Amino acid sequence: METRTLDTLSRHQTAVVTALHSDGAERRRMMDLGIVPGTAIRVEMVSPLGDPVAYLVRGSVVALRREQAAKIEITLQPAEETQP
Amino acid sequence: MTVHTTTSHACETCPLGTNAQLIRLGINVEGWNYVVALAGNPNTGKSTVFNALTGLRQHTGNWPGKTVTRAEGGFLYQDERFKLVDLPGTYSLLSSSLDEEVARDFILFGQPDVTVIVVDATRLERNLNLVLQILEITDRVVVCLNLVDEAERHGMTVDDRALARDLGVPVIPTVARRGEGIPELLAAIHEVASGAYKARPHRINNHNPALAQAIDTLAAQIEARFEGLPNARWVAMRLLDGDERILEAVRSGELGILARGAQPVGSALQQEAA
Ligand SMILES: Nc1nc2c(ncn2[C@@H]2O[C@H](COP(=O)(O)OP(=O)(O)O)[C@@H](O)[C@H]2O)c(=O)[nH]1
Ligand SMILES: [Mg+2]
C-alpha cells in the first residue's frame, strides 16, 4: 500500500484518508467536512489552473486548495474497491 | 401583516390538515411564548422553511450575501405565539467564519426553546455532524429532513423512523419548497416546545476522568465569572481545545454580553464588517 498526500491524487481515483497533518482551525475545518482517517475521498473536478480541486467526500463536493490537500495523507484504494 | 392560511397542502393522515391552525405573522414577533431557531448546513432549505412558517420572503437560493445575520419572524400555532429565527448556514459549532459565529452564538447562548435543524437528505452524513454537536448541548431539537424529493430523484430513501430512534429526537421528512411535511413539522415543534415530547438525545460519552474533572473545574469558574451564561461546559471544552476566538471572548469579557442576552458576538462583528 502506497502512502502519499491528497494533492497527488488524479482524476477519478479514490483514496482513503490515513492522517491529517494540519492543525488548529484548518484541522477543525477538515474534520467538520468529514475528512478524518478512514474517509473515502475522490477527485471530482479540477479547476482550469489545477488549484483548487473539488473532491467528493461523504456524498458532498468540497473544494480544497493544493496546500490544504498536501496536508492530508492518503492510501490508494485497490482498484476493485474504487467507486464508479 | 397577517396571512390566514387555508390548507394548501393537505396532510395525508388528517383530512382537514393541521396546517389550517397556522397563522403566519410576518415580522410580528410581539408577545412570543416560544423562540424557535432554524439551524443547518448552507443550502438545506432553512429560509424556505422560514418563509413557509412566517409568510416572509427571506432570500432563498445559492447566492452570495444571503442570510448572513439572523432574520426573525413570527407565527401562531395552537394558540401559542412563536418567534422564528432564521440563522446563517453552518457546518459546525466549532468553526468560526463570521456568519457561522452568528449561528453558533444563537444556538449556544440565545436559549431557543426549540432548535430545528434542517438537514439535506441527499447529504445526510455530512449534515449529521452539526446535528450531533447540537444534541450534545440541548435535547430540545427537531430534525427537519428536507429535500426528500431530491433524494428520491437520486434513488435514495432515508429511513426517517430509524433516524429518529437513533438520534432520540423527532425527524420530520419534508419537501419545504412544496410545503410538504410542514404541518407535521409544526406539530413536532409544538410538542418539543411544550415539553410534551420526551427526547432521548444521542450523546457521546467517552470523556476520560481527567478531562471530565478539568471541564468541571473550568465550567464552574466560567459560570462564576459570567453569571447566567448557558452552556458553560461547552465553553470550558473550547478553552481546553485552545479555541482562540473563545479564549479572546473570555479574556475581553465579550462572552458576558451573550449571558445578558444582547446581540451575540458574531452579529456585532458582522455589523462592523458590513
Ligand atoms: N427540490 C427541493 N428544493 C428545495 C427544497 N427546499 C428548499 N429548496 C431549494 O433549495 C435552495 C436553498 O434553499 P434555502 O431556503 O435558501 O436554503 P438555506 O441556505 O438553508 O436557507 C433554494 O433554491 C430552494 O428553493 C426542497 O424540499 N426540495
Ligand atoms: Mg438562508
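All values derive from a computational prediction rather than experimental measurement.

With that settled, consider the overall build of chain B. Looking only at helices and strands, one finds eleven helices and eight strands in chain B. Evaluated residue by residue, chain B yields a buried proportion of 50% over its 274 residues. For chain B, restricting intrachain contacts to residue pairs at least 6 apart in sequence, the fraction spanning at least 24 positions comes to 69%. About 13,200 Å² of surface is accessible on chain B, with carbon and sulfur atoms providing 49% of the total.

Below, the discussion takes up the pairing of strand E4 (residues 71–77) of chain B. All names here are of chain B. A large share of E4 lies buried, amounting to six of its seven residues. In terms of strand pairing, strand E2 (residues 22–26) meets E4 through four bridges, oriented antiparallel. If you follow Ile-23 over to E4, its bridge partner there is Leu-76. In this structure, the hairpin formed by E4 and strand E5 (residues 80–86) is closed by a connection of two residues, where Gln-78 is found at a positive phi of approximately 50°.

Here we come to the interface of chain B and chain A. In this assembly, 13 residues from chain B lie in contact with nine residues from chain A. Taking both partners together, chain B and chain A bury about 920 Å²; carbon and sulfur atoms supply 42% of that area. The interface formed by chain B and chain A includes three salt bridges. Between Arg-58 of chain A and Glu-125 of chain B there is a salt bridge; the shortest N-O distance is 2.2 Å. Here chain B and chain A share five residue pairs in polar contact (both at pLDDT 80 or more) between them. With four residues, the single largest contributor to the side of chain B that touches chain A is helix H3 (residues 124–137) of chain B. Its residues assigned to classes, the side of chain B that touches chain A shows two nonpolar, five polar and six charged.

All names here are of chain A. The buried count for strand E4 (residues 53–57) comes to four of five residues, which makes it a mostly enclosed element. Two strands pair when backbone bridges link them, and strand E3 (residues 40–46) and E4 are joined in this way by five bridges, in the antiparallel orientation. Counterpart to Arg-42 in the pairing with E4 is Leu-56. Linking E3 to E4, which pair antiparallel, is a turn of six residues; within it Gly-50 sits at a positive phi near 80°. Hairpin remark: E4 followed by strand E5 (residues 60–64), antiparallel, with two residues in the connecting loop; positive phi at Arg-58, about 50°.

Reading the values: rules and limits
- Residues numbered from 1 in each chain as written.
- Chains lettered and ligands numbered in written order.
- Predicted model: local features only at pLDDT ≥ 70, side-chain atom pairs only at ≥ 80, totals over all residues.
- Heavy atoms only, no water.
- Helix = DSSP H or I, 4+ residues; strand = E, 2+ residues; numbered from the N terminus.
- Buried < 20%, exposed > 50% of the residue type's maximum accessible area, 1.4 Å probe, protein only.
- Contact = heavy atoms within 4.5 Å.
- Areas by Shrake-Rupley, 256 points an atom, 1.4 Å probe, with all protein chains shown as cover.
- Pairing = 2+ DSSP bridges.
- Buried area = accessible area lost by both parts, 1.4 Å probe.
- Salt bridge = Lys/Arg side-chain N within 4 Å of Asp/Glu carboxyl O.
- Polar contact = N/O pair within 3.5 Å; in protein donor to acceptor, adjacent residues only side chain to side chain.
- Nonpolar A, V, L, I, M, F, W, Y, C, P; charged D, E, K, R; others polar.

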